[in-house]
Amino acid sequence: ATASSKEWTQGNVKGAGVDSYFDEFIYGDMVEEAKPDPAIFLLAAKRLGVEPGECMVLEDSFNGIRAAAAGGFYPVMVPDLTLPTPEIKALLAAECESLLEVIGLFKNGTFELYGKKAAFRVRKNRGGYLERSSSRDHWGRLILPGTFSV
């Protein structure tokens, strides 16, 4: 889910060669309300067939973190230019210095947020992709390449 346009997003993900890692794309013009309203994340979860409490949202913006928290998701901040304020830190499930550091949140196949286990697990499938599972044991591919170790 991104507030950016389809054209800009597709140009970037295809240019980086990572478009095949995504099962769905949700763009800003697909919802009426902008972040901090959670509409864009709620639409993404609906399209993926999962509940917000089964989803981690990676964000670099304060309004994105507010939207994720308001929607019942696990907000994970990967700061870009602005470090989280105390208000934003209180909303976070985790904070990572880089996208690579996000992988470290998964220990023994379970997403760990500040020492508490979340409502989903991860594993590698035969294709080498990471998958996540809810308590319903429904497995769906994560967007992270399987070359990372969990």
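Attention here is on the structure that accompanies the text.

Brief notes about the overall build of the protein
Of the regular secondary structure elements, the protein holds 5 helices and 8 strands. Ordered by position from N to C terminus, the α and β elements of the protein give α-α-β-α-β-α-β-α-β-β-β-β-β. Considering the protein as a whole, with its 150 residues, one finds that 39% of them fall into the buried category. Expressed as a percentage of contacts within the protein between residues at least 6 apart in sequence, the contacts between residues at least 24 apart total 34%. For the protein, the accessible area works out to roughly 8,600 Å², and carbon and sulfur atoms hold 52% of it.

Here we look at the packing of aromatic side chains
Inspection of the entire model under this criterion finds 3 aromatic pairs. When the centroid spacing of 5.2 Å and the interplanar angle of 35° are considered together, the rings of F22 and F25 count as tilted. F22 sits in the partly exposed class, given a relative accessible area of 27%. An angle of 65° between the planes, with centres 6.0 Å apart, marks the rings of F41 and F73 as edge-to-face. Highlighted residues: F41 in helix α2 (residues 39-48) and F73 in the loop between α3 (62-71) and β2 (74-77), separated in sequence by 32 residues. For F41, a relative accessible area of 5% gives the class buried. Members of the aromatic cluster, connected to one another through ring pairs, are F22, F25 and Y27.

Let's talk about the nonpolar core
If you look at the biggest cluster of nonpolar residues, it comprises 12 residues: I26, V31, I40, F41, A44, A45, V50, C55, V57, A67, A68 and F73. Elements represented by at least two residues in this core include exactly α2 and α3. In terms of residue count, the dominant contributor to this core is α2 (4 residues). Those residues in contact with A45 that sit more than four places away from it in its chain are V50, C55 and F73. In this structure, V76, A94, C96 and V102 belong to the second largest nonpolar core, which totals 7 residues.

Looking at the pairing of strand β1 (residues 56-59)
Here β1 shows a buried face lined by V57 and E59 and an unburied face lined by M56 and L58. Taken together, β1, α3 and β2 form a β-α-β motif whose crossover is right-handed.

Rules behind the numbers
- Here the residue numbers are simple positions, counted from 1 along each chain's written sequence.
- Where local features are concerned, this predicted model is filtered to residues with pLDDT of at least 70; where side-chain atom pairs are given and counted, the filter is 80 or more; whole-chain, interface and lining totals use all residues.
- Processing note: side-chain calculations cover all non-hydrogen atoms of the structure and skip hydrogens and water entirely.
- Numbering of helices and strands runs from the N terminus; a helix is a DSSP stretch of H or I covering at least four residues, while a strand is a stretch of E covering at least two.
- Relative accessibility thresholds used throughout: buried, under 20% of the residue-type maximum; exposed, over 50%; partly exposed, between the two (1.4 Å probe, protein chains only).
- We call two residues in contact whenever any of their non-hydrogen atoms come within 4.5 Å of each other.
- Here the open area of atoms and residues is found with the Shrake-Rupley method and a 1.4 Å probe, where only the protein chains shown may cover a residue.
- For Phe, Tyr and Trp, where Trp contributes only its six-membered ring, two rings pair if their centres lie within 6.5 Å, and the inter-plane angle classes them as stacked under 30 degrees, edge-to-face over 60, or tilted in between.
- What makes a nonpolar core is a set of buried Ala, Val, Leu, Ile, Met, Phe, Trp, Tyr and Cys residues whose side-chain atoms join them at distances within 4.5 Å.
- Orient the strands so they point away from the viewer; a crossover is then right-handed if the path from the first strand over the helix to the second runs clockwise.

These figures come from the coordinates and say nothing about function on their own.
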